[in-house]
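# Commentary on secondary and tertiary structure
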Amino acid sequence: MITASPLGAQPGDWRRAFREAITDPHELLEALGLPDLAARLPRDHGGFPLRVPRGFVARMRPGDPADPLLRQVLPLDEEYRPVAGFDADAVGDLASRGARGVLHKYHGRSLLVATGSCAVHCRYCFRRHFPYGEQLAPADGWRDALDYLQAHPEVSEVILSGGDPLSLATAKLAELGAGLRRLPQVRRLRLHTRLPVVLPERIDAELLGWLAALPWPVVLVIHANHARELDASVAEALAALRRIGVRLLNQSVLLRGVNDDVESLAALSERLFECDVQPYYLHQLDRVAGAAHFEVPDERARSLSEQLRARLPGYLVPLLVREIPGDSSKRPL
């Protein structure tokens, strides 16, 4: 039986939970009582293996091959069938490189690729083919990234992404914070992270202390696609972040077989509100190679967004967007 780890009592618990994630698809299917799905597994992982924390697996429904949480993480052989229009660099990351580990797409903000590591490997990940070995901002103590920001005083918001920036030790994140304090133009720090959802143990006292001591407003954008991802342990982690003044937003991806119905989307928004998280973006799928089986047609996406708007107050309706390489912002649909 797989059980979630208790949230956060001892330093280092999150690292143990991170290390003990399930990485064998057969083990995952055995734990969920779904051995028949083994026939749909790929012969090899193609460089993007399964990784899912045991606490996240504990939220899945045993015996349900269509479980929306399982569908997000289980490798399937259809991922490795080429589909026209689905490419390795779906959002133009490589064309937007400003320096090692720095992506600069939009005015006033730059994204730092903090790590290639993540606690969970989502099968629709738009950076599943990204060359992390060449493009990591923490190299040399964040020097290249900080030099780039110093040379671009118009950048007032720094975004940490990856991988998942909270996969880094807090001491490594503190190195960046110390460097950013020397840049007078910085007004906000934003982190894009799935760890509070899939590994809530990461929101420990050390991390909270670092965040609370930062001199700028901190915006933390979590990533949840289904209400069942947000169990009590996640709600507790999010509450801890809110207590120290972190602004919480959620971005989700519209995924076939996961949340492509108005009931699932409405339940997600309602659960986010209960957790004091603002629904922010509902992304149309980035067309990365390996993710075609998740795609929802734009016409269906717009219809779902309209249905959601008719059902919920406006502040609970995320903006339906698509990222187009070369655009100056996300494009509303």
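In this text the structure is predicted, and so the values were computed from the model without any measurement.

### Description of the overall build of the chain
- Each helix and strand counted, the chain has eleven helices and ten strands in total.
- Here the chain has a C-alpha radius of gyration of 19 Å; the compact-globule value for 333 residues is 20 Å, and the two agree.
- Along the three orthogonal principal directions, the C-alpha set of the chain runs to about 55 × 45 × 45 Å.
- When each of the 333 residues of the chain is scored for burial, the buried share is 56%.
- Pairs at least 24 residues apart make up 83% of the contacts formed inside the chain by residues separated by at least 6 positions.
- Carbon together with sulfur atoms contributes 51% to the accessible area of the chain, which is approximately 14200 Å² in total.

### Topic: the packing of aromatic side chains
- Summed over the entire model, instances satisfying the criterion amount to five aromatic pairs.
- For the pair Y124 and F294, a centre-to-centre distance of 5.8 Å together with 85° between the ring planes defines the contact as edge-to-face. Within this pair, whereas Y124 is found in the loop between strand 3 (109-113) and helix 5 (139-150), its partner F294 is found in the loop between strand 8 (278-283) and helix 11 (298-311), the two being separated by 170 residues in sequence.
- On the accessibility criterion, F294 (1% relative accessible area) is buried.
- The ring of F130 is capped by R127, whose NZ or CZ atom sits 6.0 Å from the centre of that ring.
- Here the guanidinium or amino end of R202 rests over the ring plane of W14, the centre of that ring lying 4.1 Å away.

### Describing the nonpolar core
- Ranked by internal contacts, the top residues of the largest apolar core, which has 84 residues, are L28, V52 and L180.
- Apart from residues no more than four positions distant in its own chain, L180 is found in contact with L146, L149, V158, V186, L189 and W216.
- Core analysis: the second largest hydrophobic core is formed by 13 residues, L282, L304, L308 and L312 among them.

### Observations regarding the packing of helix 5 against helix 6 (residues 170-180)
- Put simply, helix 5 and helix 6 touch, their axes get as near as 10 Å, and they point 30° apart. With respect to helix 6, the element helix 5 is oriented roughly parallel. As for the relative orientation of helix 5 and helix 6, their crossing is right-handed in sense. Touching G141, W142, L146 and L149 of helix 5 are K172, E175, L176, G179 and L180, all from helix 6.
- Grouping the amino acids of the contact of helix 5 with helix 6 by side-chain chemistry returns five nonpolar, two polar and two charged.

### Considering the layout of surface pockets
- Size it by volume and the largest pocket reaches roughly 990 Å³.
- Taken together, the elements giving at least two residues each to the lining of the largest pocket come down to strand 2 (102-106), strand 3, strand 4 (157-161), strand 5 (188-192), strand 7 (247-253) and strand 8.
- Among the residues forming the lining of the largest pocket, the class breakdown is 18 nonpolar, 16 polar and eleven charged.

Definitions and limits used
- Residues numbered from 1 in each chain as written.
- Predicted model: local features only at pLDDT ≥ 70, side-chain atom pairs only at ≥ 80, totals over all residues.
- Heavy atoms only, no water.
- Helix = DSSP H or I, 4+ residues; strand = E, 2+ residues; numbered from the N terminus.
- Rg over C-alpha atoms; globule rule 2.2 N^0.38 Å.
- Buried < 20%, exposed > 50% of the residue type's maximum accessible area, 1.4 Å probe, protein only.
- Contact = heavy atoms within 4.5 Å.
- Areas by Shrake-Rupley, 256 points an atom, 1.4 Å probe, with all protein chains shown as cover.
- Phe/Tyr/Trp six-rings, centres within 6.5 Å; stacked < 30°, edge-to-face > 60°.
- Lys NZ or Arg CZ within 6 Å of the ring centre and 35° of its normal.
- Core = buried A, V, L, I, M, F, W, Y, C linked by side-chain atoms within 4.5 Å.
- Axes fitted to C-alpha atoms, helices over the stretch in contact; angles between N-to-C directions.
- Parallel < 35°, antiparallel > 145°, perpendicular 65-115°, else oblique.
- Left-handed = near helix turned anticlockwise from the far one by under 90°.
- Nonpolar A, V, L, I, M, F, W, Y, C, P; charged D, E, K, R; others polar.
- 1 Å grid on protein atoms, 1.4 Å probe; cavity = no way out; pocket = protein on both sides within 12 Å on 5 of 7 lines; lining within 4 Å.
- Points joined across faces, edges and corners; volume = space filled by probe spheres on them.

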